[in-house]
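# Coordinates in review
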Amino acid sequence: MTPHADPTPHADPETGAAVKAADRAHVFHSWSAQGLIDPLAVAGAEGAYFWDYDGNRYLDFTSGLVYTNIGYQHPKVVAAIQEQAARMTTFAPAFAIDVRSEAARLIAERTPGDLDKIFFTNGGAEAVENAARMARLHTGRPKIMSAYRSYHGGTSTAINLTGDPRRWASDTASAGVVRFWAPFLYRSPFHAENEAQECERALRHLEDTIAFEGPRSIAAIILETVPGTAGIMTPPPGYLPGVREICDRYGIVLVLDEVMAGFGRTGAWFAAEHYGVVPDLLTFAKGVNSGYVPLGGVAISAEIAATFDTRPYPGGLTYSGHPLACAAAVATIRAMEEEKVVERAAHLGEHVLGPGLRELAERHPSVGEVRGLGAFWALDLVRNKETREPLVPYNATGEANAPMAAFGAACKKNGLWPFINMNRTHAVPACNITEAEAKEGLAALDAALAVADEYTV
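The notes below deal with the structure included here. All figures in this text were calculated on a predicted structure; none of them were measured in a lab.

So, how was this worked out
Residues numbered from 1 in each chain as written. Predicted model: local features only at pLDDT ≥ 70, side-chain atom pairs only at ≥ 80, totals over all residues. Heavy atoms only, no water. Helix = DSSP H or I, 4+ residues; strand = E, 2+ residues; numbered from the N terminus. Buried < 20%, exposed > 50% of the residue type's maximum accessible area, 1.4 Å probe, protein only. Pairing = 2+ DSSP bridges. Axes fitted to C-alpha atoms, helices over the stretch in contact; angles between N-to-C directions. Contact = heavy atoms within 4.5 Å. Phe/Tyr/Trp six-rings, centres within 6.5 Å; stacked < 30°, edge-to-face > 60°. Lys NZ or Arg CZ within 6 Å of the ring centre and 35° of its normal. Parallel < 35°, antiparallel > 145°, perpendicular 65-115°, else oblique. Left-handed = near helix turned anticlockwise from the far one by under 90°. Nonpolar A, V, L, I, M, F, W, Y, C, P; charged D, E, K, R; others polar. Salt bridge = Lys/Arg side-chain N within 4 Å of Asp/Glu carboxyl O.

Positive phi, normally seen in glycine, also occurs at Trp31, with a value near 55°. Tracing the chain through its elements places Trp31 in the loop between helix H1 (13–26) and strand E1 (42–46). Trp31 sits in the exposed class, given a relative accessible area of 51%. In the Ramachandran plot, Arg388 falls in the positive-phi region, its phi being about 65° despite a non-glycine side chain. For Arg388, a relative accessible area of 36% gives the class partly exposed.

The next thing to look at is the side chain of Thr225. Here Thr225 is to be found in the loop between strand E7 (218–224) and helix H8 (239–250). According to the relative accessible area criterion, Thr225 is buried, its value standing at 1%.

We now examine the sheet that holds strand E2 (residues 49–52). Read from one edge of the open sheet, 4 strands run E1-E2-E3-E14, paired in mixed fashion. Each having just a single partner strand, E1 and strand E14 (416–417) make up the two edges of the open sheet. Direction of pairing for strand E3 (residues 57–60) relative to E14: parallel, over a ladder of 2 bridges. Bridge pairing in E14 places Leu59 opposite Leu416.

One key point about sheets: their strands pair by backbone hydrogen bonds, in either a parallel or an antiparallel sense. Pairing within the open sheet is mixed, and its 7 strands lie in the order E4-E10-E9-E8-E7-E5-E6. At either end of the open sheet lies a strand with only one pairing partner, and these are strand E4 (117–121) and strand E6 (177–180). Taken over all neighbouring pairs, the strand axes of this sheet differ in orientation by 20° on average, direction set aside. In terms of strand pairing, strand E5 (residues 143–147) meets E7 through 4 bridges, oriented parallel. Pairing of Met145 across the sheet is with Ile221, part of E7. Strands E4, E5, E7, strand E8 (253–257), strand E9 (281–284) and strand E10 (296–300) of the sheet are contacted by helix H5 (residues 124–139), whose axis makes an angle of about 165° with E9. In the packing of H8 onto the sheet, the strands contacted are E6, E7 and E8, and the crossing angle to E7 comes to about 170°.

Going through the model one piece at a time under the given rule, you end up with 12 aromatic pairs. Ring geometry for Phe50 against Trp417: centres 5.5 Å apart, planes inclined by 70°, an arrangement best described as edge-to-face. In this pair, Phe50 is assigned in strand E2 and Trp417 in strand E14, connecting sequence segments 367 residues apart. Of the residues examined, Trp417 reaches a relative accessible area of 21% and is grouped as partly exposed. Centre to centre, the rings of Phe119 and Tyr313 are 5.6 Å apart; their planes meet at 75°, and the pair counts as edge-to-face. In this pair, Phe119 sits in strand E4 while Tyr313 sits in the loop between helix H10 (302–307) and helix H11 (323–338), placing the two residues 194 residues apart along the sequence. Among the aromatic residues, those joined into a ring-pair cluster are Phe263, Trp269, Phe270 and Phe284. The ring of Trp31 has Arg166 lying over it, and the distance from NZ or CZ to the ring centre is 5.3 Å. In this structure, Arg166 packs its charged tip against the face of Tyr151, placed 3.9 Å from the ring centre.

Glancing now at the side chain of Asp280. Along the chain, Asp280 turns up in the loop between helix H9 (272–275) and E9. Looking at Asp280, the relative accessible area reads 15%, which means it is buried. Filtering out sequence-adjacent residues up to four positions away, Asp280 remains in contact with Leu115, Arg244, Ile252, Val253, Leu254, Ala299, Ile300, Ser301 and Ile304.

Once that is clear, we can look at the environment of Leu348. On the secondary structure map, Leu348 appears in helix H12 (residues 341–363). On the basis of relative accessibility, which here comes to 2%, the residue Leu348 falls in the buried class. In the structure, Leu348 is positioned 42 residues away from Pro390 in sequence and 28 Å away in space, judged by C-alpha atoms. Not counting residues up to four positions away in its chain, the partners in contact with Leu348 are Leu353, Gly354, Gly374, Ala375, Ala430, Ile433 and Ala438.

Two elements in contact, helix H13 (residues 402–413) and helix H14 (residues 435–453), have axes whose closest approach is 8 Å; the angle formed by their N-to-C orientations is 155°. It follows that H13 is roughly antiparallel to H14 by the angle criterion. For the pair H13 and H14, the sense of crossing is right-handed. Two secondary-structure elements touch here, H13 through Ala406, Phe407, Ala410 and Cys411 and H14 through Leu445, Ala448, Leu449, Val451 and Ala452. A per-class count over the contact of H13 with H14 returns 9 nonpolar, no polar and no charged.

With that settled, the discussion passes to the pairing of E9. The alternating pattern of E9 places Leu281 and Thr283 and Leu282 and Phe284 on opposite faces, both of which are buried. Examined bridge by bridge, E8 and E9 share 3 bridges and lie parallel to one another. In the strand pairing of E9, Asp257 is matched with Thr283. Here E9 pairs with E10 via 4 bridges, running antiparallel. The residue bridging Phe284 from the neighbouring strand is Gly297, located in E10.

Turning our attention to the pattern of salt bridges. Applying the stated rule across the entire model yields 25 salt bridges. Linking Lys76 and Glu338 is a salt bridge whose minimum nitrogen-to-oxygen distance equals 2.9 Å. One end of the pair, Lys76, is in helix H3 (residues 75–87); the other, Glu338, is in helix H11, and 262 residues separate them in sequence. Residue Lys76 is classed as partly exposed on the basis of its relative accessible area, which comes to 39%. Of the charged contacts, one joins Arg249 and Glu207 as a salt bridge, the two residues approaching to 2.4 Å between their closest N and O atoms. Of the two residues, Arg249 is situated in helix H8 and Glu207 in helix H7 (residues 195–213); the sequence distance between them amounts to 42 residues. One continuous salt-bridge network, built from bridges that share partners, spans Glu102, Arg105, Glu109, Arg110, Arg334 and Glu337.

This is the structure in structure tokens:
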């Protein structure tokens, strides 16, 4: 993929104003106070860039919502969608459709272990909903354990499994969810001094929680293999294998949420490959087709799939395995193979983003920690490197969030669209950006971090 050929898109402010007016009159935006937002009107996008109607061009360091793993408007995927639309735009999920079968086959070939059956959904939250249902039906148990500092989606079960403040308004406290602390050495809940201690203490805490909840009441443990929105905290060596062993010992289903981390984002097809772990269920979405047409799903182990060989699975979706979405997935996976996008993401993390971000941390007092892999990185911004006090308080809004708002404005002024969550900025560009584009993004971050530095002590 190459970026947009015209580095200065033509301005058309009149059309932009009309788009904005229609949006404000009729579109109800997610996760927002409707009267307080001012959405940017986007005129187009290609590769790692998008542009507005005023002629401003931005390098997208968010990949949409961490899903355009192959960038915007990849010609092979666009062509596949067009060809599928001309041949068969849609068909009900109860039928065998060639492109649906091929998408399932290609996904199953890349999932770890025996996760060879694919249940298609429209997105990640629905994938988590169905994974939770499968685990409960398979085990006959009611509870599911999930971690603080996690995000699993906005639908009913998924939001209750989520461990960040977006859950609070919808938390019924009756959804059968038990929460625990996963490892995070930089802000360790276990007072650990190194990764080995953090791993050992986190596993002990998990097993203690299971013991007090009653092992025979727990259907599943769900973890983001590498937590995404919550901060890209890569687990310490041994942690995920330890969780796998605990699950095996107590007959608990292990669900790995790879909605954000999957399909090349971490420099592997799935992040589980980095840790040598095979879950019983794996949820995916986003990068499966770069979000060109909504698609998600659950990859299912042979044992759990067998539960429903003669017993109907009580779940389904009108658009499960939608032909247009599956055509986009087939084309995306093939393009990723042909263009070695997974390998490029790994190279990007090891040789460009990782070293570049760590160099920024050495020079900027506002950067407390750099963590990540592949095209999946976070900068933990702090007021003080010694105390590790976050640059803004947890879940800050309004004036309390002013430092991060100023940092974000500086990014945009320098042509970079940032991914900001609480006191962090994430570097999550398209997995196939060029080294030059990545360095352009690092230079913009460098300039914006000088603004964040003004709030340090």
